[in-house]
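Read off the chains here:
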Amino acid sequence: MSGYTTPYVLLQFPDLGDDVSVLMRNPQLLPPSEITPEDVPVDDKGEPLDSNAAQQAMYKVFARVIVAWKVYDACAQTGPDLGEDADPVALFESLSESQDTQVRLGAITVDNISRMPVRVINKVMETIAQVADPQ
């Protein structure tokens, strides 16, 4: 077989669910242009002037490297109406039973990437960052 031995990286999240995963192109094998976010204006300390623009620039990188995913919309769930005397244990149990209503994210777009759970976003970022700073 010719070519690279690991052209893809599979990230699995068993702590989030049995079937939550992201398949991405191996960032170690990509040219810098594929994993470098577009420039955003920064202040004299090197911090982005617009943190939302910096975040969107990174999400565009994610959209270039993610091939497939089975991730659920972290924003789709709405909290229940709670009374002042709500029982957290009973509420947790009733909400845990209704997990079948979670909405899976569709196409790999910047907007959908912004709707991923922070745990997934952090792992994708960490995987890309290992190439930029392999220490």
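Described below are features of the structure shown in this document. (Residues numbered from 1 in each chain as written. Predicted model: local features only at pLDDT ≥ 70, side-chain atom pairs only at ≥ 80, totals over all residues. Heavy atoms only, no water.)

## Looking at the side chain of Asp 73
Okay, step 1: Residue placement: Asp 73 occurs in the loop between strand 3 (66-70) and helix 3 (88-97).
Okay, step 2: Here Asp 73 falls in the buried class, since its relative accessible area comes to 10%.
Okay, step 3: Reaching out from Asp 73, the side chain makes a polar contact with the side chain of Arg 115 at a distance of 2.8 Å.
Okay, step 4: Beyond its immediate stretch of four places on either side in the chain, Asp 73 contacts Val 103, Leu 105 and Arg 115. (Helix = DSSP H or I, 4+ residues; strand = E, 2+ residues; numbered from the N terminus. Buried < 20%, exposed > 50% of the residue type's maximum accessible area, 1.4 Å probe, protein only. Polar contact = N/O pair within 3.5 Å; in protein donor to acceptor, adjacent residues only side chain to side chain. Contact = heavy atoms within 4.5 Å.)

## Considering the packing of aromatic side chains
Okay, step 1: Taken as a whole and judged by the stated rule, the model has 1 aromatic pair.
Okay, step 2: Ring centres of Tyr 59 and Phe 62 lie 5.9 Å apart, and the angle between their planes is 45°; on these two criteria the pair is classed as tilted. Of this pair, Tyr 59 and Phe 62 both sit in helix 2 (residues 51-65), 3 residues apart, roughly one helical turn. Across the pair, Phe 62 and Tyr 59 agree in class, each one buried. (Phe/Tyr/Trp six-rings, centres within 6.5 Å; stacked < 30°, edge-to-face > 60°.)

## So, the sheet that holds strand 3
Okay, step 1: Strand order in this open sheet of 3 strands is 1-2-3, and the pairing throughout is antiparallel. Whereas interior strands pair on both sides, the edge strands pair on one side only; in this sheet they are strand 1 (8-12) and strand 3. Across the sheet, the mean angle from the axis of one strand to that of its neighbour is 10°, orientation sign disregarded.
Okay, step 2: In this structure, strand 2 (residues 21-25) lies alongside strand 3, joined through 4 bridges in antiparallel fashion. When the bridges of strand 3 are listed, Met 24 appears paired with Ile 66.
Okay, step 3: Sheet strands touched by helix 2: strand 2 and strand 3. Its angle to strand 3, the strand with the most contacts, is close to 90°. (Pairing = 2+ DSSP bridges. Axes fitted to C-alpha atoms, helices over the stretch in contact; angles between N-to-C directions.)

## Structural notes on the pairing of strand 1
Okay, step 1: Taking every second residue as pointing to the same face, the buried face of strand 1 carries Val 9 and Leu 11, while none of Tyr 8, Leu 10 and Gln 12 on the other face is buried.
Okay, step 2: Two strands pair when backbone bridges link them, and strand 1 and strand 2 are joined in this way by 5 bridges, in the antiparallel orientation. Paired with Leu 10 across the two strands is Leu 23, which belongs to strand 2.

## Some details on helix 2
Okay, step 1: With 15 residues, helix 2 extends 22 Å between its outermost C-alpha atoms, agreeing within 8% with the 21 Å of an ideal straight helix rising 1.5 Å per residue.
Okay, step 2: Here helix 2 has its buried residues at Ala 57, Met 58, Tyr 59, Val 61, Phe 62 and Val 65.
Okay, step 3: If you check the start of helix 2, you find a side-chain oxygen 3.0 Å away from the backbone N of Asn 52, and it comes from Asp 50. (Expected span 1.5 Å × (residues − 1).)

## Topic: the pattern of salt bridges
Okay, step 1: The tally for this structure, following the rule as stated, stands at 6 salt bridges.
Okay, step 2: Between Arg 119 and Asp 15 there is a salt bridge, with its nearest N and O atoms 3.0 Å apart. Here the residue Arg 119 occupies a position in helix 5 (residues 118-132), and Asp 15 occupies one in the loop between strand 1 and strand 2, the gap between them amounting to 104 residues.
Okay, step 3: Residue Lys 70 pairs with Asp 19 through a salt bridge whose shortest N-O separation is 3.2 Å. Linking Lys 70 in strand 3 with Asp 19 in the loop between strand 1 and strand 2, this pair joins segments that are 51 residues apart in sequence. (Salt bridge = Lys/Arg side-chain N within 4 Å of Asp/Glu carboxyl O.)

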